[in-house]
Amino acid sequence: MTSTKHEDLSKAPLLWPAVVALSIFAFTYRSNTGAYLIGAIGTLLWLTLAKPKAAPSLPKTLQTLAKAYAATLVLHMCWILYLDEYPLWDTLEAYLHYFEFLLFVPFSIALYHLRQHAFTLLFVPVAAVVIRIISHTDLSSLDTTLFSNSLYGFGKYHTGYGMQGMQVLLTLFCLALFAIKRPPSIKLRVTLAVAAIATALLLTQALMTAGSRGGWAGLAVGVAVLLMLQMPKIIQWKFDKKTLITVLVITFGILAVIASNSHKLEKRLIRDTNVNFEYSLSVDKLPKDEDVFFARRVHLSYFGYQLWQDRPIFGHGPAAVDHILAAHPQFNSHPHLHNTYIQIASELGAIGFIAVTILFSAPVVLLWRRRKSFTGENKVIMTMLAVNSSSLAVWSLPFDHLHWSDWRFTVVWYLSYAALLLRLHTDSSKDSSKNSVL
């Protein structure tokens, strides 16, 4: 689906792909807004200096929705600033987090001009997370970290590793077999297969050690979506011997890792659940003074729902929830509501919630309508987007990190690749129409 019309940067030296990859790696590894914004500034600076020819346009529907989203945020911000209920800087910073989702537009332009490397760039966050895991592992005593019997082998990073672990593991599942088949050298294929197996096992162990039930749930949903999408191929697929061995080794290896962590699963999924089961029968019985799953999550979500009911149209503003929770005698240890959907509704009201939902779902709908036109690695990327987006949507139910850079970057990352595929479809459609005229 690569066009011959815009070849100015698609075959450029590896300098610019390396710069983009480095910014992606730095952000994923560091997980802070600074690295995120530096990557964004670097991308925009590159596009300005390189002055590439115009990339194919996004569908007009998506362009209109993106403009409507920006206009909605501006009007909403004017209203909240007029109310002047919370510190100015906190309010502006929180709005910046919502505006950052629009970065998928310039990022998708950069990806288009690096389209020959776009598939490979998907492995950059995988490498960053693996290195991040290893760097937070006490290699002198694996028993106390990576293979820890304690609850959180990675300390305060357990939640972040839960999301990162499930996302990069699902990415590996979607991309690995296609990538392994590409190299012409058999030795290189074997090397990649071994690396994929080792990485999958490491990520599985890290996810088990992290103890993130949201991560486990998201992973389960992602795998289910992947199997559902690939079931026709699986039924008709004629495995060659090496591919079959790779799949079996990964499958049995992951099952072995999960079995070796059975005590952690029992602790997190059975004993903790049984302790709180009686509370699940009535909201009134859920303890507010204990930070226990899932009791506290229900109370926080209900509290956020009440906040939304107070101001259902415009909400309280994107900086409100943090301050409201900080002043609450029972919820002051939580910086968010542990539910992305409730958080957005309580901050932006119905108007903002609808705007965010439409912006996130529009590329999915547009891609689905064009799904038959994608082949090869573009079809693999589309599958990855469907699998990982489903996983992230489930993970966002018990957690909220809307103002946490990892979550925002992940959403922008997926939106950028969705927009890339839409640009490629536009480019391909133009070429087809020209050929038909000729």
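Figured I'd write up the structure that's included with this text. Worth saying up front: this structure is predicted, and the values here are computed from it rather than measured. (Residues numbered from 1 in each chain as written. Predicted model: local features only at pLDDT ≥ 70, side-chain atom pairs only at ≥ 80, totals over all residues. Heavy atoms only, no water.)

### With respect to the overall build of the chain
Keep this limit in mind: Numbering goes from the N terminus for both helices and strands, where a helix is a DSSP run of H or I of at least four residues and a strand is a run of E of at least two. A 1.4 Å probe rolled over the protein chains alone gives each residue an accessible area, and that area as a share of the maximum for its type sets the label: buried under 20%, exposed over 50%, partly exposed in between. Note on contacts: a residue pair qualifies if any of its non-hydrogen atoms lie within 4.5 Å across the two residues. Using a 1.4 Å probe, accessible areas were evaluated by the Shrake-Rupley method; residue-level cover was limited to the displayed protein chains.
Counting its regular elements, the chain contains 17 helices and 0 strands. Sorting the 438 residues of the chain into buried and exposed places 48% on the buried side. In the chain, 82% of the contacts between residues at least 6 apart in sequence involve partners at least 24 apart. Surface accessibility of the chain: about 21,100 Å² in total, with carbon and sulfur atoms responsible for 67%.

### Concerning the packing of helix H7 (residues 124–135) against helix H9 (residues 186–210)
How two helices pack is summed up by the angle between their axes together with the distance between the axes. Heads up, the rule is: The convention used is that axes are lines fitted to C-alpha atoms, helices contributing only their stretch in contact, and that angles between N-to-C directions extend from 0 to 180 degrees. What sets the label is the angle itself: under 35 degrees gives roughly parallel, over 145 gives roughly antiparallel, 65 to 115 gives roughly perpendicular, and the rest give oblique. Each crossing gets its handedness from the near helix: less than a right angle anticlockwise from the far helix is left-handed, clockwise is right-handed. We call Asp, Glu, Lys and Arg charged. Ala, Val, Leu, Ile, Met, Phe, Trp, Tyr, Cys and Pro are nonpolar, and the rest, Gly among them, are polar.
Two numbers describe how H7 lies on H9: the axes approach to 11 Å, and their chain directions differ by 55 degrees. Between H7 and H9, the angle is such that the two are oblique. Judged by the sense of rotation from one axis to the other, the crossing of H7 with H9 is left-handed. In this structure, H7 uses Val126, Val129, Val130, Ile133 and Ile134 to contact H9, whose residues at the interface are Thr199, Leu202, Leu203 and Ala206. For the contact of H7 with H9, the residue count by class is 8 nonpolar, 1 polar and no charged.

### With respect to the environment of Met228
Positionally, Met228 belongs in helix H10 (residues 213–236). Residue classification places Met228 among the exposed residues on the basis of a relative accessible area of 60%. Along the primary structure Met228 and Val387 are separated by 159 residues, whereas in three dimensions their C-alpha atoms are 9.9 Å apart.

### Notes on unusual backbone geometry
A negative phi holds for most residues other than glycine; trans holds for most peptide bonds. Phi at Asp84 takes a positive value of approximately 50 degrees, unusual for a residue other than glycine. Given the relative accessible area of 58%, Asp84 is considered exposed. At His338, a residue that is not glycine, the phi angle is positive and equals roughly 60 degrees. With respect to the element layout, His338 can be found in the loop between helix H14 (320–326) and helix H15 (340–369).

### Topic: the nonpolar core
Heads up, the rule is: Only buried residues count toward a nonpolar core. Its members are Ala, Val, Leu, Ile, Met, Phe, Trp, Tyr and Cys residues joined through side-chain atoms within 4.5 Å.
Among the nonpolar cores identified, the biggest contains 93 residues, and Tyr69, Tyr98, Phe101, Leu385 and Tyr417 are the most heavily contacted of them. For this core, the element with the highest residue contribution is helix H17 (residues 405–437), accounting for 14 residues. Core analysis: the next-biggest nonpolar cluster, separate from the first, contains 9 residues, Phe303, Leu307, Ala320 and Phe331 among them.

### Regarding the packing of aromatic side chains
To keep things clear, this is the line we draw: Think of it this way: a Phe, Tyr or Trp ring, Trp meaning its six-membered ring, pairs with another when their centres are within 6.5 Å, and the plane angle makes it stacked under 30 degrees, edge-to-face over 60, tilted otherwise. Two conditions define a charge located above a ring, namely a distance within 6 Å from the ring centre to NZ of Lys or CZ of Arg, and an angle within 35 degrees of the ring normal.
One pass over the structure, following the stated rule, counts 12 aromatic pairs. Relative to Tyr417, the ring of Trp413 lies with its centre 5.1 Å away and its plane at 65 degrees, an arrangement referred to as edge-to-face. You can see Trp413 and its partner Tyr417 sitting in helix H17, 4 residues apart, about one turn around the helix. The residues Trp413 and Tyr417 share a single accessibility class, namely buried. Aromatic ring contacts, followed pair by pair, group Tyr98, Phe101, Phe360 and Trp407 into a single cluster. The ring of Tyr112 carries Arg115 above its face, with NZ or CZ at 4.2 Å from the centroid. Sitting over the face of the ring of Trp368, Arg371 holds its NZ or CZ atom 4.0 Å from the ring centroid.

### A closer look at the pattern of salt bridges
Formally: We define a salt bridge as a side-chain nitrogen of Lys or Arg found within 4 Å of a carboxyl oxygen belonging to Asp or Glu.
Under the criterion given, the structure shown has 3 salt bridges. For Arg408, the salt bridge identified is with Glu100, shortest N-O distance 2.9 Å. Note that Arg408 is positioned in helix H17 and Glu100 in the loop between helix H4 (88–99) and helix H5 (104–113), a separation of 308 residues in sequence. The pair formed by Arg408 and Glu100 is uniform in burial state, with each residue classed as buried. Arg182 is the salt-bridge partner of Glu377, the closest N and O atoms lying 3.5 Å from each other. Placement of the pair is Glu377 in helix H16 (residues 376–395) and Arg182 in the loop between helix H8 (158–181) and H9, with a sequence separation of 195 residues.

### Describing the side chain of Arg115
Where we set the bar: Here a polar contact is taken to be a pair of N or O atoms separated by no more than 3.5 Å, where protein atoms must pair a possible hydrogen donor with a possible acceptor and residues adjacent in sequence count only if both atoms sit in side chains.
For Arg115, the location among the structural elements is in the loop between H5 and helix H6 (118–121). The buried category is assigned to Arg115, whose relative accessible area is 5%. Side-chain polar atoms of Arg115 contact the backbone oxygen of Tyr112, separated by 2.7 Å.

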